[in-house]
Structures are given as C-alpha cells and as structure tokens.
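Residue strings, one per chain:
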Amino acid sequence: MAEFPDLMPVLPELFLALAAMGLLMLGAFTKGTTPEDGAKAAGSIAHLSVTVLMLTLLLLATVPGGRVLAFGGLFVSDGFALFFKALVLLASAMALFMARDFMERQHMSRFEFGVLILFATLGMLLMISANNLVS
C-alpha cells in the first residue's frame, strides 16, 4: 500500500462500507416471496452483519499506531480514536445480537435492520476520526 498511504488508516471503514453494500445487495436478492423466506434472509444477514463487525474490529488492529493523518488532515487515527472505534464496533455487535430475538418475537424481522446498523456504525467510526467540522 505504498502508493496509497492515505488508505491504510481508513482500511476498517472501507471494509465496513463495502461489506454493508454487499449485504444490502445480498439481502435484496435473497429476500424471497414468502414471509418465512424473508425471516430466514433477515436472520442470515443479521449473523453476517455481526461477523462483518468482528472482522472490522480485527482490521482495526492492523491500523498503524501513533497519530496518523489522512486525506489532508481531515481524518485522524490515534490511540483515542482506535479505542472508541473498538467500543463502537463491540456495542453495535451487541445491539444486533440482542435485537435479533426481539425482532423475531414481534414479527419485525427484516434484513434491512442489520444493514442499517452497519451503515450507522460506519458513520460513527467516521465521526470518531473526524479532525474538524468539515469532515
């Protein structure tokens, strides 16, 4: 990644964005026509969403330590940001895990819920690393 030095600190966010878009497409094309198919797709997307969050947490460990600025100083990666990103990823995974049974009991299982949590988590991760109000 020597030719793209700005992408290394943003690698977890890039992975999360691409995985969320992939799960959105997967859910849209495997939704099915019956409610049972929809509930099955929602369960599998929820499991995959938790897996994506845990993989993002592992990718967070590959980010170089110390204070690293990217994109002209708009994105900062330091110990503070990495710690809070880990907390946000764990909290999002726990929220998905705890909401799964409730969603099934209330007959509200939709695949979009897991994808929505992933995109909200992506926004939180980007806000944690924002260096000023423009970003």
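Participant: Please provide a residue-by-residue account of the packing of helix α1 (residues 11–29) against helix α4 (residues 112–128), values included.
Facilitator: Where α1 contacts α4, the two axes come as close as 9 Å, and the packing angle between them is 160 degrees. With respect to α4, the axis of α1 lies roughly antiparallel. As α1 packs across α4, the resulting crossing turns out to be left-handed. For the pair α1 and α4, contact is made by Glu13, Leu16, Ala17, Ala20, Met21, Leu23 and Leu24 and by Val115, Leu118, Phe119, Thr121, Leu122, Leu125 and Leu126, respectively. Grouping the constituent residues of the contact of α1 with α4 by class yields 12 nonpolar, one polar and one charged.

Participant: Describe the pattern of salt bridges, naming the residues involved and giving the relevant values.
Facilitator: Here the structure, examined in full by the defined rule, presents three salt bridges. Salt-bridge contacts for Asp78 lead to Arg67; the nearest nitrogen and oxygen are separated by 3.8 Å. Of this pair, Asp78 sits in the loop between β2 (75–77) and α3 (79–105) while Arg67 sits in the loop between α2 (35–60) and β1 (68–70), and the two are 11 residues apart along the sequence. For Arg100, the salt bridge is made with Asp101, and the minimal N-O distance between the two is 3.9 Å. By relative accessible area, Asp101 is classed as partly exposed at 39%.

Reading the values: the criteria
- Sequence order as written defines the numbering, with residues in each chain counted from 1.
- Owing to the predicted nature of the model, reporting of local features is limited to residues with pLDDT of at least 70; listing and counting of side-chain atom pairs is limited to 80 or more, with chain, interface and lining totals taken over all residues.
- Side-chain figures throughout are based on the complete set of non-hydrogen atoms in the structure, without hydrogens or water.
- For helices, the fitted line uses only the C-alpha atoms of the stretch in contact; every axis is such a line through C-alpha atoms, and the angle between N-to-C directions lies from 0 to 180 degrees.
- By the criteria applied, helices consist of DSSP H or I runs no shorter than four residues and strands consist of E runs no shorter than two, each listed in order from the N terminus.
- Small angles under 35 degrees read as roughly parallel and large ones over 145 as roughly antiparallel, with 65 to 115 read as roughly perpendicular and the rest as oblique.
- Handedness of a crossing follows from how the near helix is turned relative to the far one, being left-handed for an anticlockwise turn of less than a right angle and right-handed for a clockwise one.
- By the convention used here, residues are in contact when the closest approach between their heavy atoms is within 4.5 Å.
- Put simply, Ala, Val, Leu, Ile, Met, Phe, Trp, Tyr, Cys and Pro go in the nonpolar bin, Asp, Glu, Lys and Arg in the charged bin, and everything else, Gly too, in the polar bin.
- By definition here, a salt bridge exists when the distance from a side-chain nitrogen of Lys or Arg to a carboxyl oxygen of Asp or Glu is within 4 Å.
- Here the term buried applies to any residue with accessible area under 20% of the maximum for its type, exposed to any over 50%, and partly exposed to those in between, with areas from a 1.4 Å probe on protein chains only.

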